[in-house]
Amino acid sequence: AINAHSSRSHSVFTISLDAEEQGPAGHRVMRQSQFRLVDLAGSERQKYSKAEGRHLREASNINRSLTVLGKVIMALAAGSKHVPYRDSKLTFLLKNSLGGNSKTFLIANIALAAKCQDESLSTLKFASFARKPLINVSKNVVNSDANIQDLQNQVMRLKAQLLKDHCRSPELGTPYGDDLAHE
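Rules used throughout
- Residues numbered from 1 in each chain as written.
- Predicted model: local features only at pLDDT ≥ 70, side-chain atom pairs only at ≥ 80, totals over all residues.
- Heavy atoms only, no water.
- Helix = DSSP H or I, 4+ residues; strand = E, 2+ residues; numbered from the N terminus.
- Buried < 20%, exposed > 50% of the residue type's maximum accessible area, 1.4 Å probe, protein only.
- Contact = heavy atoms within 4.5 Å.
- Areas by Shrake-Rupley, 256 points an atom, 1.4 Å probe, with all protein chains shown as cover.
- Expected span 1.5 Å × (residues − 1).
- Arc of directions from axis to C-beta.
- Pairing = 2+ DSSP bridges.
- Core = buried A, V, L, I, M, F, W, Y, C linked by side-chain atoms within 4.5 Å.
- Patch = residues over 30% accessible without salt bridge, like charges linked within 9 Å, V, L, I, M, F, W, Y side chains within 5 Å.
- Salt bridge = Lys/Arg side-chain N within 4 Å of Asp/Glu carboxyl O.
- Axes fitted to C-alpha atoms, helices over the stretch in contact; angles between N-to-C directions.
- Left-handed = near helix turned anticlockwise from the far one by under 90°.
- Nonpolar A, V, L, I, M, F, W, Y, C, P; charged D, E, K, R; others polar.

Quick look at the overall build of the protein chain
Thought 1: Across its full length, the protein chain holds seven helices and three strands.
Thought 2: Secondary structure elements of the protein chain, listed N to C terminal, follow the sequence β-β-α-α-α-α-α-β-α-α.
Thought 3: Burial statistics for the protein chain: of 183 residues in total, 20% are counted as buried.
Thought 4: Considering only intrachain contacts with a sequence separation of at least 6, the fraction spanning at least 24 residues in the protein chain is 52%.
Thought 5: Carbon together with sulfur atoms contributes 55% to the accessible area of the protein chain, which is approximately 14,000 Å² in total.

Following this line, the structure appears as structure tokens:
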């Protein structure tokens with residue numbers, strides 16, 4: 001029968017770290033990272049769990065999200081151009097951890113009981129296959145000052161374009177007030 005104390009859900013715990021420091025040329029440099037712990041619920045077979053009603057729907061949703069996770073990992077391992085991250089909330093949430101700029105570690109739990117042999121073998125095959133995707137990891141570094149300067153330059157170019165377009169058709173009036181011409 002079903003474990004009465006099981007939450008029958010996946011758990012995701014995320015810690016986001018942002019560190020800002022002075023770069024070599026005096027620019028602000030931002031380093032960003034995330035540490036994500038994920039506890040996946042195990043798949044459940046209805047004939048063993050005897051789940052009914054709400055518990056059966058929960059088990060079905062868990063099994064579906066685990067199936068999509070397997071498809072995503074297969075697509076990444078095969079180098080597919082399309083990876084179905086959006087097919088489940090779990091894979092969409094874990095997109096950067098699975099196929100992004102990240103290091104991923106997997107711990108698989110199995111049961112030694114004879115009645116769990118099929119599930120344990122399936123878990124071990126999944127863990128073995130999940131090791132295959134190769135991901136190039138690099139530092140997430142953003143030069144904050146350079147980004148701010150680029151955005152300020154873009155705003156100035158757009159204001160100049162608006163002023164130029166306004167001068168060509170004076171019947172439009174000044175849509176953004178007189179302050180545009182003075183900046």
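Description of helix H5 (residues 117-130)
Thought 1: Taking 1.5 Å as the rise per residue, H5 with 14 residues should run 20 Å; its terminal C-alpha atoms sit 20 Å apart, in good agreement.
Thought 2: Every buried residue of H5 is listed here: Glu119, Ser120 and Ala127. Buried residues of H5 fall within an arc of 100 degrees about the axis and therefore sit on the same side. Counted as exposed and oriented over 90 degrees from the buried face of H5: Gln117 and Lys125.

Focus: the pairing of strand S2 (residues 28-39)
Thought 1: Note that strand S1 (residues 11-22) and S2 share twelve bridges and pair antiparallel. Bridged to Ala19 within S2 is Arg31.
Thought 2: What sits between the antiparallel neighbours S1 and S2 is a turn of five residues, in which Gly26 has the positive phi angle 85 degrees.

With respect to helix H2 (residues 53-78)
Thought 1: Taking 1.5 Å per residue, 26 residues should reach 38 Å; H2 reaches 38 Å between its end C-alpha atoms and fits that length.
Thought 2: Ala59, Ile62, Ser65, Leu66, Val68, Leu69, Gly70, Val72, Ile73 and Ala75 are the residues of H2 that are buried.
Thought 3: For H2, the secondary structure elements touched by its buried residues are helix H3 (89-93), helix H4 (95-99) and H5.
Thought 4: A positive phi of about 75 degrees marks Gly79, the residue just after H2.

Description of the nonpolar core
Thought 1: Membership of the largest hydrophobic core is limited to ten residues, which are Val68, Leu69, Val72, Ile73, Ala75, Val83, Tyr85, Leu90, Leu94 and Leu98.
Thought 2: Top element by residues in this core is H2. It accounts for five residues.
Thought 3: Setting aside chain neighbours within four positions, we find Tyr85 in contact with Val72, Leu76, Thr91, Phe92, Lys95, Leu98 and Gly99.

Focus: a nonpolar patch on the surface
Thought 1: Taken together, Phe13, Ile15, Leu17, Phe35 and Leu37 make up a surface patch of nonpolar side chains, about 490 Å² in accessible area.
Thought 2: It is S1 that provides the largest number of residues to the nonpolar patch, a total of three residues.
Thought 3: Judged by relative accessible area, which is 49%, Phe13 ranks as partly exposed.

Topic: the packing of H2 against H5
Thought 1: Where H2 contacts H5, the two axes come as close as 10 Å, and the packing angle between them is 35 degrees. Where H2 crosses over H5, the two elements pack in a sense that is left-handed. When H2 is examined against H5, the residues Leu69, Gly70, Ile73, Met74 and Ala77 are found in contact with a partner set consisting of Phe126, Phe129 and Ala130.
Thought 2: Split by residue class, the contact of H2 with H5 holds seven nonpolar, one polar and no charged.

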